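Residue-level structural notes
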Amino acid sequence: MVNFTDNMGLYKEVGEKSFKGISSLGQINLNAWQKLAQKQMEIFSLATEAGISSLKSLGDKPDFQQISSQQAEITKQLGEEISSKNQELLELTTELRDEYIAFTEEQISGINFLNR
């Protein structure tokens, strides 16, 4: 026979575990957005710097050959930096995926306490 006190204890335990789970998920989401926004700003900064360098090279009034050469170098450097940032993003998304998997596994294992 199930008694009221046991039921209330079970409800309390489920509520506490749910609250902790939601708080943990919220923290994971917040950290993920912060890290992704930081990478986005880094990439935006690289593009801005490349644009400024490109404009400066035009302001020097060199001949067409020099302009082409400088623009090619700026484009090459930006491409390399963007490629590096893409690798960082890949590593970051792998890290975030692992955090979400660990969270999910923890939540699933927490459900097992109901089967006791």
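Since we're looking at a predicted model, the values are computed, not measured. Along each chain, the written sequence defines residue order, and numbers are assigned to residues from 1. At least 70 in pLDDT is required for a residue's local features to be given in this predicted model, at least 80 for side-chain atom pairs to be given and counted, and no such filter applies to totals for whole chains, interfaces and linings, which use all residues. Side-chain measures here rest on the full set of heavy atoms in the structure, leaving out hydrogens and waters.

Let's talk about the environment of S24
Going along the chain from the N terminus, every DSSP run of H or I of four or more residues is numbered as a helix, and every run of E of two or more is numbered as a strand. With respect to the helices and strands, S24 occurs in helix α1 (residues 4-59). Relative accessible area decides the class of each residue, using a 1.4 Å probe on protein chains only: under 20% of the type maximum gives buried, over 50% gives exposed, and in between gives partly exposed. Owing to a relative accessible area of 29%, S24 belongs among the partly exposed residues under this scheme. Each C-alpha atom, one on S24 and one on Q34, is 15 Å from the other, the two residues being 10 residues apart in sequence.

So, α1
A helix's residues, less one, multiplied by 1.5 Å, set its expected span. Here α1 spans 82 Å end to end across 56 residues, near enough to the 82 Å set by a 1.5 Å rise per residue. Taken together, the buried positions of α1 are G21, I28, A32, K39, L46, A50, S54 and S57. The criterion used for residue contact is that any of the two residues' heavy atoms lie within 4.5 Å. Of the surrounding elements, those touching the buried residues of α1 are α2 (64-111).

Digging into α2
When the terminal C-alpha atoms of α2 are compared, their 69 Å separation across 48 residues agrees well with the 70 Å that a helix rising 1.5 Å per residue should span. Taken together, the buried positions of α2 are I74, K85, L92, L96 and F103. Of the surrounding secondary structure, the elements contacted by the buried residues of α2 are α1.

What about the side chain of S57?
For S57, the location among the structural elements is in helix α1. Polar side-chain contacts of S57 include one of 2.7 Å to the backbone oxygen of S54. Within 3.5 Å is the distance limit for a polar contact, defined as a pair of N or O atoms, with the added protein rule that one can donate a hydrogen and the other accept it, and that residues adjacent in sequence qualify only through two side-chain atoms.

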